[in-house]
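# An overview of the molecular structure
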Amino acid sequence: MKVLVIGGGAREHALCRSLSLDPDVTALHCAPGNAGIAEVAEVHPVDALDGVAVAELAASLRADLVVVGPEAPLVAGVADVLRERGVPVFGPSAEAALLEGSKAFAKDVMASANVPTARSYVCTTAEEIDAALDAFGAPYVVKDDGLAAGKGVVVTSDVAAAREHALACERVVIEEFLDGPEVSLFAITDGETVLPLQPAQDFKRALDADEGPNTGGMGAYSPLPWADPKLVDEVLRTVLQPTVDELRRRGTPFSGLLYAGLAITSRGMRVIEFNARFGDPETQVVLARLRTPLASVLFNAATGNLAAEPPLRWSDDAAVTVVIASHNYPGTPRTGDVIEGLDEAAEVEQAYVLHAGTAHDAEGRVVSAGGRVLSVTATGAGLEQARTRAYEAVSRVRLDGSHHRTDIAAKAAASA
């Protein structure tokens with residue numbers, strides 16, 4: 001099987017790494033890729049938002065499967081163009097991807113499917129915003145209705161800050177605050193059959209102890225020793241399958257990766273948000289534990305044959321990933337800094353470095369090219385061992401001005 005992955009972040013590097021280890025994959029390509037992906041796949045320049053350009057690249061490579069990584073190309077309809085040309089593609093249509101592209105659309109789908117979620121208001125005027133903020137009170141949860149690369153959500157007890165963020169959005173969803181720990185659960189679906197993966201937890205705040213601004217994610221771990229063993233079955237029954245069934249009923253079947261962000265509240269499990277693709281950095285730890293070869297699963301989802309897929313096989317090992325971010329992230333990040341110590345980091349047992357925002361400079365050196373630069377991932381017999389290995393590898397990476405959280409999976413490891 002010849003596979004083309006679209007994207008250039010750590011999520012795509014994790015996907016490419018797993019696909020490169022799959023004996024069924026005879027050729028692996030990625031566009032546009034990054035400096036790390038280039039070590040496991042042949043990279044090609046492409047505008048990931050241009051469906052015609054992506055389709056032409058897939059045709060020239062004679063790709064048997066295209067895997068669309070990021071959300072923006074999905075919302076832009078890249079998967080639709082590929083399907084129109086008969087290319088098997090893992091990723092939902094633009095209409096189905098609205099589940100991530102519009103918070104208001106997701107709320108409407110959840111209401112129709114009786115999926116448990118937070119009470120909310122969709123607002124477009126200052127008057128509606130003030131009424132919603134007043135109705136719920138602090139802490140305020142304000143979400144930009146559209147795509148915002150994981151940074152469109154503000155949770156604050158400062159009503160002025162909440163109002164400022166809401167007014168900056170064209171359309172905004174204001175909802176009740178959900179207490180309790182958060183869980184990320186991915187599911188692969190062909191529009192009918194839903195195959196859940198193992199749950200993970202990510203860390204959105206920039207600083208230790210969940211301080212600082214929201215980011216796209218500063219680390220993750222899996223499994224969750226504190227979670228109810230029945231959680232995956234419950235989410236499949238009450239969230240994932242009803243949502244997939246509702247989208248098919250509407251004539252916009254969802255085929256690809258459905259991500260449910262969940263809060264385990266004192267009143268039961270609630271959906272915080274849906275994504276239409278693999279989450280980053282949770283993908284890094286989930287794929288680190290997956291033992292089933294990835295290509296056939298994605299191909300069966302893309303071709304409507306997921307019901308024939310045998311149960312997924314998982315490692316008993318734990319996995320931890322720690323994000324190394326560039327100076328000033330999540331503000332305007334500094335780029336172009338040389339990254340050193342990558343080979344030394346990879347020498348740590350069961351650890352490896354996934355590239356997110358990297359590139360090669362004119363001299364061929366690996367340099368920073370984004371806010372989240374690297375995802376350092378490690379596995380171990382338990383979370384404590386996986387943490388120790390991940391942070392040992394992190395300590396060997398040298399990037400001027402960079403920062404990372406030191407408490408990824410610490411609480412879970414201590415209680416395991």
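Procedures and definitions
- Residues numbered from 1 in each chain as written.
- Predicted model: local features only at pLDDT ≥ 70, side-chain atom pairs only at ≥ 80, totals over all residues.
- Heavy atoms only, no water.
- Pairing = 2+ DSSP bridges.
- Helix = DSSP H or I, 4+ residues; strand = E, 2+ residues; numbered from the N terminus.
- Axes fitted to C-alpha atoms, helices over the stretch in contact; angles between N-to-C directions.
- Contact = heavy atoms within 4.5 Å.
- Salt bridge = Lys/Arg side-chain N within 4 Å of Asp/Glu carboxyl O.
- Buried < 20%, exposed > 50% of the residue type's maximum accessible area, 1.4 Å probe, protein only.
- Core = buried A, V, L, I, M, F, W, Y, C linked by side-chain atoms within 4.5 Å.

## Observations regarding the sheet that holds strand β7 (residues 140-144)
- Pairing is antiparallel across the open sheet formed by four strands, whose spatial order is β6-β9-β7-β8. The sheet is open, and its two edges are formed by β6 (120-123) and β8 (153-156), each paired on a single side. Pairs of neighbouring strands in the sheet enclose a mean axial angle of 20°, with direction left out of account.
- Pairing geometry for β6 and strand β9 (residues 172-175), over four bridges, is antiparallel. What sits directly across from Tyr121, in β9, is Ile174.
- Contacts from helix α6 (residues 103-113) reach β6, β7 and β9, with the element oriented near 50° to β9.
- Across the sheet, helix α7 (residues 126-136) touches β6, β7 and β9, and the angle it forms with β6 is around 165°.

## Section: the pattern of salt bridges
- All chains considered together, the criterion is met by 25 salt bridges.
- Between Arg334 and Asp337 there is a salt bridge, and its shortest N-O distance comes to 2.9 Å.
- Under the relative-accessibility criterion, Arg334 is labelled partly exposed at 30%.
- A relative accessible area of 17% places Asp337 in the buried class.
- The network of salt bridges with common partners includes Asp108, Glu246, Arg249 and Arg250.

## Observations concerning the nonpolar core
- Counting 80 residues, the largest nonpolar core has Leu4, Val66, Leu82, Leu99, Phe274 and Val320 as its most contacted members.
- With seven residues, helix α9 (residues 231-249) is the single largest residue contributor to this core.
- The contacts of Val66, once residues within four sequence positions are left out, are Leu4, Ile6, Ala58, Leu82, Val87, Pro88, Val89 and Phe90.

## Comments concerning the sheet that holds strand β20 (residues 351-355)
- Strand order across the open sheet formed by five strands is β12-β15-β18-β23-β20, with antiparallel pairing between neighbours. In this open sheet, the two strands that pair with only one neighbour each are β12 (201-202) and β20.
- In this sheet, strand β18 (residues 318-325) lies alongside strand β15 (residues 219-222) in antiparallel orientation, the contact comprising four bridges. Residue Ala220 lies in a different strand from β18, and its bridge partner there is Thr321.
- Of the strands in this sheet, β20 and β23 (372-380) are in contact with helix α1 (residues 10-20), which crosses β20 at around 125°.
- Packing against the sheet, helix α13 (residues 383-395) makes contact with β15, β18, β20 and β23, and its axis sits at approximately 30° to β18.

It is worth stressing that arrangement in space is one thing and function is another; only the former is reported here.
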